[in-house]
Amino acid sequence: KAGVTQTPRYLIKTRGQQVTLSCSPISGHRSVSWYQQTPGQGLQFLFEYFSETQRNKGNFPGRFSGRQFSNSRSEMNVSTLELGDSALYLCASSPGDFGDTQYFGPGTRLTVL
Amino acid sequence: EDQVTQSPEALRLQEGESSSLNCSYTVSGLRGLFWYRQDPGKGPEFLFTLYSAGEEKEKERLKATLTKKESFLHITAPKPEDSATYLCAVRGSTLGRLYFGRGTQLTVWP
């Protein structure tokens, strides 16, 4: 089976712009979670989607949003970018139950200038 | 609140020198404890899932164990290619989300 794919892999934006990141889960997986990883904060949970519905949300401002499509593919959007949004954004997919293992994609490296 | 604490933060081992990494957790209704390995600039790679106290899993030089309060990742006779950051995460029943520790950065030198 193909693994989790994320596009683009690298992105450079300037402050104030917005960005959309994409994630394609493993075939058959219905849950997609998003994380932000920075050297200072480690892995921080953004949100989780299951069958097109947001199932969980982390403590991030409303500038961070996401959605999931009927084919389980997911996108996350960050509006009005700030310097502190520079990070590795990781997507993970799982079959759907809470005890299921999450499998991560390679991540999107976002740099905000 | 669910919490995960990993120790040590960093560990340097000589090739062949066995050791253990610790993951202490506080969670309501454990639904799973997960170990991942992460290389710089890459996504975490899944290693093990443990569900109940007393459970053990092995893969090559790695062995993961679980008690009611902590998990250990034992590394036997490590090689330089085992150098990576090892992440522990738990999922509880209260909120259902995955909580990650800060990781242990392992360096194995020849």
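Refer to the structure presented above.
Below, the structure is looked at part by part. (Residues numbered from 1 in each chain as written. Chains lettered and ligands numbered in written order. Predicted model: local features only at pLDDT ≥ 70, side-chain atom pairs only at ≥ 80, totals over all residues. Heavy atoms only, no water.)

### A closer look at the overall build of chain A
Secondary structure assignment for chain A yields zero helices and 11 strands. Mapped from its N terminus to its C terminus, chain A presents α and β elements in the order β-β-β-β-β-β-β-β-β-β-β. In terms of overall dimensions, chain A is globule-like: its C-alpha atoms have a radius of gyration of 13 Å, near the 13 Å expected for 113 residues. Per-residue burial for chain A yields a buried fraction of 51% across its 113 residues. Pairs at least 24 apart in sequence give 54% of the contacts found in chain A among residues at least 6 apart. As presented, chain A carries roughly 5200 Å² of accessible surface, and 48% of it is formed by carbon and sulfur atoms. Within chain A, one finds 11 positive and 7 negative side-chain charges whose respective centroids are separated by 7 Å. (Helix = DSSP H or I, 4+ residues; strand = E, 2+ residues; numbered from the N terminus. Rg over C-alpha atoms; globule rule 2.2 N^0.38 Å. Buried < 20%, exposed > 50% of the residue type's maximum accessible area, 1.4 Å probe, protein only. Contact = heavy atoms within 4.5 Å. Areas by Shrake-Rupley, 256 points an atom, 1.4 Å probe, with all protein chains shown as cover. Lys, Arg positive; Asp, Glu negative; His and termini not counted. Charge placed at Lys NZ, Arg CZ, Asp CG, Glu CD.)

### Examining the pattern of salt bridges
In a structure, side chains of opposite charge can pair up when their charged atoms sit close to one another. Summed over the entire model, instances satisfying the criterion amount to 10 salt bridges over all chains. Between E48 of chain A and R55 of chain A there is a salt bridge; the shortest N-O distance is 2.7 Å. A network of salt bridges, in which partner residues are shared, links E48 and R55 of chain A together with R91 of chain B. (Salt bridge = Lys/Arg side-chain N within 4 Å of Asp/Glu carboxyl O.)

### A look at the environment of V112 of chain A
All names here are of chain A. Examined against the element boundaries, V112 turns out to sit in strand β11 (residues 108-112). Separated by 98 residues in the primary sequence, V112 and T14 have C-alpha atoms spaced 5.1 Å apart. If near-sequence neighbours (up to four positions away) are discounted, V112 is found in contact with K13, T14, R15, L81, E82, L83, D85 and S86.

### A short note on the environment of P78 of chain B
Residue and element names in this part refer to chain B. Mapped onto the elements, P78 comes out in the loop between β8 (70-75) and β9 (84-92). According to the relative accessible area criterion, P78 is buried, its value standing at 0%. Between the C-alpha atoms of P78 and V108, which are 30 residues apart in sequence, the distance is 6.9 Å. Each residue touching P78, except ones within four places of it in the same chain, is listed here: L13, Q14, E15, G16, E17, S18, R61 and V108.

### Focus on the sheet that holds strand β3 (residues 19-26) of chain B
All names here are of chain B. Taken in spatial order, the five strands make up an open sheet running β1-β3-β8-β7-β6, and their pairing is antiparallel. At either margin of the open sheet sits one strand with a lone partner, and together these are β1 (3-7) and β6 (56-59). This sheet shows a mean twist of 15° between the axes of neighbouring strands, independent of strand direction. Both strand β7 (residues 62-66) and β8 contribute to a ladder of five bridges, which runs antiparallel. Bridge assignment links T65 to a residue of β8, and that residue is F72. (Pairing = 2+ DSSP bridges. Axes fitted to C-alpha atoms, helices over the stretch in contact; angles between N-to-C directions.)

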